[in-house]
Amino acid sequence: MKHTALALLASIALALPLAPVSAEEPAKPVDFELEQLDGGTLAIADLRGQWVVLNYWATWCAPCRKEIPDLSELHARADHISVVGIAYEETEPEVFREFLAEFSPTYPNLLVDVYNPPQPFGAPMALPTSILLNPEGVPIKTYVGPVTGEQIEAFIVDSESG
């Protein structure tokens, strides 16, 4: 039942326009540290100097699965962009490892405690949700629903030229 409701939310998100990060909040760099699925931790602050795509996903989310090859290609190809997967699902780490073995993302994937998600974002409204951080670590764009590497790169080019 829980998965059905979340799948419905993910489907609804496909029809939503891209949502910007709230303009009411002051722009400050984001910093949190989470466990990586393959061991160790990753601090978002360690990625300063690059554009960062924080991609919230779950194993049962069909649009999330569809994004992985394109986001993997973006992460592997674009030296100035790092993709970070954030596994937002209450399940055993072994389930995530099996999933990652099947889909083989090129980017690190972090475990999130669904009862205490990283701030300032909290729980995503829908899955997938991707938040783009500029090289200073400030969130400047939120994509609710699937996003492509092409869309991300186009936004970065526009923001760098404007």
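### Some thoughts on the overall build of the chain
- If you tally the helices and strands in the chain, you get four helices and seven strands.
- Counting only residues that meet the buried cut, the chain has 44% of its 162 residues in that class.
- Long-range pairs, those at least 24 residues apart, make up 72% of the contacts in the chain between residues at least 6 apart in sequence.
- For the chain, the exposed surface amounts to about 8,500 Å²; the carbon and sulfur share of it is 56%.

### Let's talk about helix H3 (residues 93-103)
- Looking at H3, one finds that the buried residues are Phe96, Phe99 and Leu100. The buried side chains of H3 occupy one side of the element, clustering within an arc of 95° when seen end-on. More than 90 degrees from the buried face of H3, the exposed residues found are Glu98, Ala101 and Glu102.
- Looking at the buried positions of H3, the neighbouring elements they touch are strand E3 (51-57), helix H2 (62-77), strand E4 (81-87) and strand E5 (109-111).
- In the stretch just after H3, Ser104 is the one whose phi turns positive, near 50°.

### Here we look at the nonpolar core
- Leu54, Trp57 and Ile152 are the most contacted members of the largest nonpolar core, which totals 40 residues.
- No other element matches the six residues that E3 contributes to this core.

### Some words on the packing of H2 against helix H4 (residues 149-161)
- With their axes 9 Å apart at the nearest point, H2 and H4 run at an angle of 45° to one another. One way to sum up the angle between H2 and H4 is to call them oblique. In this structure, H2 contributes Asp70, Leu71, Leu74 and Arg77 to the contact, and H4 contributes Gly149, Glu150, Ile152 and Glu153.
- Considering only residue class, the contact of H2 with H4 consists of three nonpolar, one polar and four charged.

### Let's talk about the sheet that holds E4
- Strand order in the open sheet formed by five strands is E5-E4-E3-E6-E7, and the pairing between neighbours is mixed. Both edges of this open sheet fall to E5 and strand E7 (139-144), since each of them pairs with a single strand only. Taken pair by pair, the neighbouring strands of this sheet meet at an average axis angle of 20°, ignoring direction.
- Relative to E7, strand E6 (residues 129-133) runs antiparallel, the two being bridged by five bridges. Directly across from Leu132, in E7, lies its bridge partner Lys141.
- Contacting E3, E4 and E6, H2 runs over the sheet at an angle of about 150° to E4.

### As for the environment of Val144
- Following the sequence through the fold, Val144 ends up in strand E7.
- Counting along the chain gives 20 residues from Val144 to Pro124, while the straight-line C-alpha distance between them is 8.5 Å.

### Quick notes on the pairing of E7
- Burial analysis of E7 places five of its six residues in the buried class, the great majority of the element.
- Between the antiparallel neighbours E6 and E7 lie five residues, among them Gly137 with a positive phi of about 90°.

Rules of the game
- Residues numbered from 1 in each chain as written.
- Predicted model: local features only at pLDDT ≥ 70, side-chain atom pairs only at ≥ 80, totals over all residues.
- Heavy atoms only, no water.
- Helix = DSSP H or I, 4+ residues; strand = E, 2+ residues; numbered from the N terminus.
- Buried < 20%, exposed > 50% of the residue type's maximum accessible area, 1.4 Å probe, protein only.
- Contact = heavy atoms within 4.5 Å.
- Areas by Shrake-Rupley, 256 points an atom, 1.4 Å probe, with all protein chains shown as cover.
- Arc of directions from axis to C-beta.
- Core = buried A, V, L, I, M, F, W, Y, C linked by side-chain atoms within 4.5 Å.
- Axes fitted to C-alpha atoms, helices over the stretch in contact; angles between N-to-C directions.
- Parallel < 35°, antiparallel > 145°, perpendicular 65-115°, else oblique.
- Nonpolar A, V, L, I, M, F, W, Y, C, P; charged D, E, K, R; others polar.
- Pairing = 2+ DSSP bridges.

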